[in-house]
Amino acid sequence: FKNLWSVLCYSVICFQLSKALRGGSEWSDKDELLDVVYWGKQILSLIIGIAFGAASMHGILAILAYVVISTMVAQHFVVKYQQVDEDEVGGFWELAKEGFGSAFATFMVAWITVYSALYHNSCSRLCFSSWYFVMKMLLLLWMVTCSISPFLSLASADAQTNTATFFILGQNSRFDNSKATAVKQAIIKQSERLAKKIQVFVPHLDFPEIIGFWAVWTLFSRIHSLAPSEWYIFLESDSHINGDILFDFLQHLNSQEKHFMGHGLHDENPVIIHHFYGYDRPDEEQFLFPDFACGFVLSRGLLDDLAKPSGPSSDPVLSQFSIDAKHEIALYIFIQSDMRLSSFPHLFCPRRGNDCAVFFEVSLFH
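Predicted, not measured: the structure shown is a model, and the values here were computed from it.

## A closer look at the overall build of the chain
- A tally of helices and strands in the chain yields 14 helices and eleven strands.
- By residue count, 40% of the 366 residues in the chain fall in the buried class.
- With an accessible surface of roughly 20300 Å², the chain has 61% of that area assigned to carbon and sulfur atoms.

Written out as structure tokens, the structure reads:
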């Protein structure tokens with residue numbers, strides 16, 4: 001039994017310990033960093049409580065000193081040691097509040113217990129026995145919490161993860177906005193009927209600060225900061241979904257793997273608008289790029305890969321202006337993640353069909 005507890009605690013305590021202790025680590029998931037801050041505050045609070053109790057500190061000044069120390073240490077760890085912009089984790093107050101309640105309770109218990117044990121002469125052997133028993137119970141509670149917290153975190157993450165996030169690409173005009181709104185409402189209605197948790201965004205309305213949103217790849221960092229989803233589905237304002245078919249298709253795939261799916265188009269010969277791509281590799285298989293009107297899908301695993309910072313590139317798609325967003329997004333994904341488009345023309349359709357998950361149909365009036 002003791003060995004089991006030792007293994008459990010060791011695995012939890014060592015979970016990402018090397019990453020936390022290494023300055024300037026890369027934190028692709030900010031919740032991961034906040035978890036480290038949370039547990040770091042618990043340990044720091046225990047140490048401060050024992051130190052304050054042993055040093056005979058008491059009163060409101062001791063409490064204020066604890067608040068200042070714990071807050072500044074957390075700020076220094078994130079901003080200075082890990083070199084993460086505090087705005088990326090919610091700002092100063094969000095960082096200060098992270099784990100504060102439980103950490104403060106840990107501090108108070110440790111502080112009062114140590115102070116009472118060392119400086120109250122009226123404590124008898126029974127008092128020390130009680131103190132020893134309380135400390136054992138606290139230690140046991142700590143071990144249990146450590147052991148189950150990763151599973152609780154996973155359950156919480158699953159509960160907060162959306163099935164899909166939709167992006168309706170279009171132009172900022174009254175007519176296009178009305179079509180996008182109608183498509184958005186239809187998606188929400190179908191998702192509610194199917195009990196699917198989703199988000200729907202119209203990039204030119206919801207992310208106006210992003211220049212070149214129509215090229216799609218410029219959105220990836222912003223999309224990655226949203227509430228996580230299993231799938232990211234891109235449509236146009238004349239695209240429509242069949243939720244039953246779409247979600248049934250996606251549920252048979254692993255969203256943590258890299259998937260890039262849609263209706264594949266290709267060039268018969270190298271063309272100027274695609275920077276003559278393929279002229280120097282005639283024997284290579286046809287390079288497919290998605291028809292936006294038919295929709296295309298990225299998995300969470302692929303988006304995580306695409307959202308990683310990339311260095312400068314000499315490739316035209318990363319260094320020059322965009323001409324054809326459809327071809328350039330496929331080329332960008334291929335360069336960044338070595339992923340080619342998987343074409344499912346029977347699911348991502350240029351016209352309405354009974355078996356289509358997404359289809360294109362022009363709406364003339366709204």
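Still to come is the rest of the account.
## A look at the pairing of strand S3 (residues 229–236)
- Judged by how many residues are buried, S3 sits mostly within the fold: six of eight residues are covered.
- Looking at chain direction, strand S1 (residues 162–169) and S3 are connected through seven bridges and run parallel. Bridge pairing in S3 places Thr165 opposite Tyr232.

## Quick look at unusual backbone geometry
- For Ala195, which is not a glycine, the phi torsion comes out positive at approximately 60°.
- With respect to the helices and strands, the residue Ala195 is situated in the loop between helix H8 (174–193) and strand S2 (198–201).
- Unusually for a residue other than glycine, Val216 sits at a positive phi of about 75°.
- Looking at the element boundaries, Val216 is found in the loop between helix H9 (203–206) and helix H10 (220–224).

## Let's talk about the packing of aromatic side chains
- Per the counting criterion, the structure on display carries 19 aromatic pairs.
- Considering the side-chain rings of Phe52 and Phe107, the 5.8 Å spacing of their centres and the 85° angle between planes classify their relative orientation as edge-to-face. Taken as a pair, Phe52 in helix H3 (residues 30–54) and Phe107 in helix H6 (residues 100–119) lie far apart in primary sequence, 55 residues in all. Both residues of the pair, Phe52 and Phe107, count as buried.
- Ring pairing ties together the aromatic residues Phe167, Phe201, Phe207, Phe234, Phe260, Phe292 and Phe296, which thus form one cluster.
- The residue whose ring lies beneath Arg340 is Phe334, and the NZ or CZ to ring-centre distance is 4.7 Å.

## As for the side chain of Asn177
- On the secondary structure map, Asn177 appears in helix H8.
- In contact with Asn177, not counting residues within four places along its chain, are Gln171, Asn172, His204 and Leu205.

## Thoughts on the pairing of S2
- Burial along S2 is two-sided: the face carrying Ile198 and Val200 and the face carrying Gln199 and Phe201 are both buried.
- In this structure, S1 lies alongside S2, joined through four bridges in parallel fashion. When the bridges of S2 are listed, Phe167 appears paired with Phe201.
- Handedness of the crossover is the feature at issue here: the chain leaves S1, passes through H8, returns alongside S2, and the resulting connection is right-handed.

## With respect to the pattern of salt bridges
- One pass over the structure, following the stated rule, counts eight salt bridges.
- The residue Asp244 makes a salt bridge to Arg193 at a minimum N-O spacing of 2.8 Å. Within this pair, whereas Asp244 is found in helix H11 (residues 243–250), its partner Arg193 is found in helix H8, the two being separated by 51 residues in sequence.
- One salt bridge in this structure joins Arg352 and Glu361, with 2.8 Å as the shortest N-O distance.
- A residue is classified by how much of its surface remains accessible, and Glu361, at 30% relative accessible area, is partly exposed.
- Each of Asp176, Lys179 and Asp238 takes part in a single network of salt bridges with overlapping partners.

## A short note on the packing of H3 against H6
- The geometry of H3 relative to H6 is characterised by a closest axis approach of 7 Å and an angle of 20° between their N-to-C directions. With respect to H6, the axis of H3 lies roughly parallel. Crossing of H3 over H6 shows right-handed handedness. Within the contact between the two elements, H3 uses Tyr38, Lys41, Gln42, Ser45, Leu46, Ile48, Gly49, Ile50, Phe52, Gly53 and Ala54 and H6 uses Ser102, Ala103, Thr106, Phe107, Ala110, Trp111, Val114, Tyr115, Leu118 and Tyr119.

## A short note on a nonpolar patch on the surface
- Together, Ile272, Ile273, Phe276, Tyr279 and Ile323 give the surface a local cluster of nonpolar side chains, amounting to about 530 Å² of exposed area.
- Tracing the backbone shows Ile272 in the loop between strand S6 (264–265) and strand S7 (289–290).
- According to the relative accessible area criterion, Ile272 is exposed, its value standing at 60%.

## Quick word on the sheet that holds strand S11 (residues 358–360)
- Read from one edge to the other, the open sheet built from three strands follows the order S4-S11-S10, with strand pairing classed as mixed. A strand with exactly one partner marks an edge of an open sheet, and here the two such strands are strand S4 (239–241) and strand S10 (348–349).
- Relative to S11, S10 runs parallel, the two being bridged by two bridges. Along S11, the bridge assignment pairs Cys349 with Phe359.

What counts, and at which threshold
- Residues numbered from 1 in each chain as written.
- Predicted model: local features only at pLDDT ≥ 70, side-chain atom pairs only at ≥ 80, totals over all residues.
- Heavy atoms only, no water.
- Helix = DSSP H or I, 4+ residues; strand = E, 2+ residues; numbered from the N terminus.
- Buried < 20%, exposed > 50% of the residue type's maximum accessible area, 1.4 Å probe, protein only.
- Areas by Shrake-Rupley, 256 points an atom, 1.4 Å probe, with all protein chains shown as cover.
- Pairing = 2+ DSSP bridges.
- Phe/Tyr/Trp six-rings, centres within 6.5 Å; stacked < 30°, edge-to-face > 60°.
- Lys NZ or Arg CZ within 6 Å of the ring centre and 35° of its normal.
- Contact = heavy atoms within 4.5 Å.
- Right-handed = clockwise from strand over helix to strand, strands pointing away.
- Salt bridge = Lys/Arg side-chain N within 4 Å of Asp/Glu carboxyl O.
- Axes fitted to C-alpha atoms, helices over the stretch in contact; angles between N-to-C directions.
- Parallel < 35°, antiparallel > 145°, perpendicular 65-115°, else oblique.
- Left-handed = near helix turned anticlockwise from the far one by under 90°.
- Patch = residues over 30% accessible without salt bridge, like charges linked within 9 Å, V, L, I, M, F, W, Y side chains within 5 Å.

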